[in-house]
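Architecture and fold: a report
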Amino acid sequence: MIEWNIQSRAHACRSCGRQFADKQPYHTLLFDEKAGYERLDVCESCWAAQFSQGATSRKGFVSHWQGAFEVPSARPEPIQKENAESLLRKLVEQNDPNHGAACFILAVM
């Protein structure tokens, strides 16, 4: 079985190092190297200056595609702090010894 280990999309151009802006177009080149697949994400200006001519004829070339960079959204907390505190208060009010471990975890949160 072949294992596909391809890097995820970069947050900056691999050529010039500038961070991608939200909705900025970028180009991706995929090459088959000895150590595995290599993915290069480059901005429009680097693509035009360095990669548009001859990149597809480079040894190991597999694929090229274009996309628009989307800034990753911030992950919300799994349990909101207000909810953890209100749950702790409810469990403490019940005064049930079976909820001791849960109360400890909620208190630490």
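Predicted, not measured: the structure shown is a model, and the values here were computed from it. (Residues numbered from 1 in each chain as written. Predicted model: local features only at pLDDT ≥ 70, side-chain atom pairs only at ≥ 80, totals over all residues. Heavy atoms only, no water.)

Moving on, we come to the sheet that holds strand β3 (residues 61-68). Here we have three strands laid out as an open sheet, ordered β2-β1-β3, and antiparallel in their pairing. Edge strands, defined here as strands with exactly one partner in the open sheet, are β2 (36-43) and β3. The sheet shows a mean angle of 20° between the axes of neighbouring strands, direction not considered. Both strand β1 (residues 25-33) and β2 contribute to a ladder of eight bridges, which runs antiparallel. Residue pairing for β2: Leu29 is matched across the bridge by Leu40. With respect to the sheet, helix α1 (residues 44-51) is in contact with β1, β2 and β3, its orientation differing from that of β2 by roughly 115°. (Pairing = 2+ DSSP bridges. Helix = DSSP H or I, 4+ residues; strand = E, 2+ residues; numbered from the N terminus. Axes fitted to C-alpha atoms, helices over the stretch in contact; angles between N-to-C directions. Contact = heavy atoms within 4.5 Å.)

A few words on the packing of aromatic side chains. Tallied over the full model, the rule gives three aromatic pairs. Look at Phe31 and Phe61: their rings are 6.0 Å apart centre to centre, the planes differ by 70°, and that puts the pair in the edge-to-face class. With Phe31 in strand β1 and Phe61 in strand β3, the pair connects residues that are 30 residues apart, well separated along the chain. The structure contains a cluster of three or more aromatic residues connected by ring pairs, namely Phe20, Tyr26 and Phe69. The ring of Phe31 has Arg58 sitting right over it, with the charged end atom 4.0 Å from the ring centre. (Phe/Tyr/Trp six-rings, centres within 6.5 Å; stacked < 30°, edge-to-face > 60°. Lys NZ or Arg CZ within 6 Å of the ring centre and 35° of its normal.)

With that settled, consider unusual backbone geometry. Look at Lys23: it is not a glycine, yet its phi comes out positive at around 70°. Assignment of secondary structure puts Lys23 in the segment before β1. Within the chain, Asn95 stands out as a residue other than glycine whose phi angle is a positive 55°. Take Asn95: it is sitting in the loop between α2 (81-94) and α3 (100-108). Overall, the relative accessible area of 66% leaves Asn95 in the exposed class. (Buried < 20%, exposed > 50% of the residue type's maximum accessible area, 1.4 Å probe, protein only.)

Now for the side chain of His27. When you line up the elements, His27 lands in strand β1. A polar atom in the side chain of His27 sits 3.0 Å from the side chain of His64. His27 has contacts with Leu40, Asp41, Val42, Glu44, Trp47, His64, Trp65 and Gln66, leaving out every residue within four places of it along the chain. (Polar contact = N/O pair within 3.5 Å; in protein donor to acceptor, adjacent residues only side chain to side chain.)

To continue, consider the nonpolar core. One finds Cys13, Phe20, Leu29, Val42 and Phe51 to be the most contacted residues of the largest nonpolar core, which totals 13 residues. Listed by contribution, the elements that provide at least two residues to this core are β1, β2 and α1. Sequence-distant contacts of Phe20, defined by excluding residues within four places in its chain, comprise Ala10, His11, Ala12, Cys13, Tyr26, Asp41, Val42, Cys43 and Phe69. In terms of nonpolar packing, the next biggest core, distinct from the first, is built from five residues, Ala84, Leu88, Leu91 and Leu106 among them. (Core = buried A, V, L, I, M, F, W, Y, C linked by side-chain atoms within 4.5 Å.)

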